[in-house]
Amino acid sequence: MSKDYYKILGVDKSASQDEIKKAFRKKAHEFHPDKASGNEAKFKGVSEAYQVLGKAEKRAQYDQFGSAFDDAGGGGGGFGGFNGAGGSYNINMDDLGDMFGGIGDIFGFGSRGGNSRQRRGRDLQLNLSIDFQEAVSGAEKEFSLDKKVVCDRCKGNLAEPGSKIDTCNVCKGTGRTTRVQRTILGNMQVQGVCETCQGEGKIYEKLCKKCNGRGTSVEKTKLKVRIPAGINDGETIRLSGQGEAGDKGAGAGDLYLLINVRPDSRFERDGADIRTYLEMGFTQAILGDKLEIETVHGPVKLKIPGGTQSGTTFKLRGKGMPRLQSSGNGDHYVKVQIKTPKFLNKKQKELIKELNV
């Protein structure tokens, strides 16, 4: 009787390959015989199902033949070497990811050898402080930091200059070797990192004296960055490839600059808009005046009409911050605060009374 591999993994027939892989990892984790809740039979079942559904070509044949899949060779060695209990299996270790801290731990291989894939360097983050006016107009800032960079002696190829680099004769330059391992599932072909070259695929006559074969060294590095006009406090600038260099020729990470904008006591920022307060005398409010207002773009004249009330807000269009990643500027809002005189002499009081205001 044909087995329903989709049902065994608990996925729909329309499931993506990523969903199938995720379901397999979950089931394998649940039924692994080393766990208290493990079930060896079910563990073998989900492994068999994944051998078929985990590969697009086998899955297509399984979907095509349906209940005749076994007769067509899908359940046996004809579809990729899955021969059931006591037979041989061919499972890609990468499909299992880091379940149980590494698939090697499941089958007793341990984590020796690691992963031969080159890992890019670390991303870095640095705080960079700028003045308020630099946030208005933009600026070019220079800074320095200590970070891993490509070794300037070996240029990242790990070898002492002038020494020989040969292809590993064990793995033939692939960095990986295949061996047969007896497991609870039977014999398995397992790929691992080549122990001779440690996954490099190369043999070095002499390792670089400066970096000891890492391909990187820690150096003080000077960088320049263009701060865009309109940037706000707490925003981040990403410098691609300016993080730490990866070991053994791997690519560099990125550098993230966290921008700290030092405040300016004259201005209150609200996105791209600027808000300030203007104190003016009682007489100016009554009669009107023309006053100089300090903006982030310099001083401008503001006409105050007669009869202005305290709390009135005037808008200076386009006199705010530049809009980041957009065109134009925000506006500058000026809120009027009228100073009421506290001490008046007798004559002043009489004049106020005459005004009857």
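Shown above is the structure to which this text applies.
Keep in mind it's a predicted model, so treat the numbers as computed, not measured.

Caption draft 1: A look at the pairing of strand β14 (residues 298-304). Sheet analysis places strand β13 (residues 289-295) next to β14, joined by seven bridges and oriented antiparallel. Bridge pairing in β14 places I293 opposite V300. Two successive antiparallel strands, β13 and β14, enclose a turn made up of two residues.

Caption draft 2: Summary view of the packing of helix α3 (residues 40-53) against helix α4 (residues 56-65). Running from N to C, α3 and α4 cross one another at 95°; their axes reach a closest spacing of 6 Å. Of the possible angle classes, the one that applies to α3 and α4 is roughly perpendicular. Across the interface between the two elements, Q51, V52 and L53 of α3 pack against K58, R59 and Y62 of α4. Residues belonging to the contact of α3 with α4 are distributed by class as follows: three nonpolar, one polar and two charged.

Caption draft 3: Focus on the packing of aromatic side chains. Going through the model one piece at a time under the given rule, you end up with four aromatic pairs. Taking the centre distance of 6.0 Å and the plane angle of 45° together, the rings of Y6 and Y62 count as tilted. Here Y6 is found in helix α1 (residues 5-9), whereas its partner Y62 is found in helix α4, with 56 residues between them in sequence. In this structure, Y6 and Y62 share a single accessibility class: buried. Ring geometry for F24 versus Y50: centroids 4.3 Å apart, planes at 5°, classification stacked. Here Y50 lies in helix α3 and F24 lies in helix α2 (residues 17-31), a separation of 26 residues in the sequence. Of the residues examined, F24 reaches a relative accessible area of 2% and is grouped as buried. Lying over the aromatic face of Y333, R275 brings its terminal NZ or CZ to 4.7 Å of the ring centre.

Caption draft 4: Representation of the sheet that holds strand β2 (residues 124-130). Pairing within the open sheet is mixed, and its three strands lie in the order β2-β10-β9. Strands at the two margins of the open sheet, each flanked by one partner only, are β2 and β9 (236-239). Each adjacent strand pair in this sheet contributes to an overall mean axis angle of 25°, direction not counted. As paired elements, β9 and strand β10 (residues 255-261) share four bridges and run antiparallel to each other. For T236, the partnering residue across the bridge sits in β10 and is L258.

Caption draft 5: View of the sheet that holds strand β12 (residues 273-281). Reading across the sheet, the four strands line up as β11-β12-β16-β15 and stay open at both edges, with mixed pairing between neighbours. Lying at the two open borders of the sheet, with one neighbouring strand each, are β11 (268-270) and β15 (313-316). The average angle at which neighbouring strand axes cross in this sheet is 30°, direction not considered. Here β15 pairs with strand β16 (residues 332-339) via four bridges, running antiparallel. What sits directly across from T313, in β16, is K335.

Caption draft 6: Quick look at the nonpolar core. F143, L257 and I259 are the most contacted members of the largest nonpolar core, which totals 22 residues. The set of elements that each furnish at least two residues to this core consists of β2, α7 (132-137), β3 (139-150), β8 (216-227), β9 and β10. Sorting elements by how many residues they give to this core places β10 first, with four residues. Non-local contacts of L257, meaning those with residues more than four positions away in its chain, are made with L126, L128, F143, V225, E235, T236, I237 and L239. Formed by 17 residues, the second largest nonpolar core is a distinct cluster that contains Y5, F24, F31 and Y50.

Rules of the game
Residues numbered from 1 in each chain as written. Predicted model: local features only at pLDDT ≥ 70, side-chain atom pairs only at ≥ 80, totals over all residues. Heavy atoms only, no water. Pairing = 2+ DSSP bridges. Helix = DSSP H or I, 4+ residues; strand = E, 2+ residues; numbered from the N terminus. Axes fitted to C-alpha atoms, helices over the stretch in contact; angles between N-to-C directions. Parallel < 35°, antiparallel > 145°, perpendicular 65-115°, else oblique. Contact = heavy atoms within 4.5 Å. Nonpolar A, V, L, I, M, F, W, Y, C, P; charged D, E, K, R; others polar. Phe/Tyr/Trp six-rings, centres within 6.5 Å; stacked < 30°, edge-to-face > 60°. Buried < 20%, exposed > 50% of the residue type's maximum accessible area, 1.4 Å probe, protein only. Lys NZ or Arg CZ within 6 Å of the ring centre and 35° of its normal. Core = buried A, V, L, I, M, F, W, Y, C linked by side-chain atoms within 4.5 Å.

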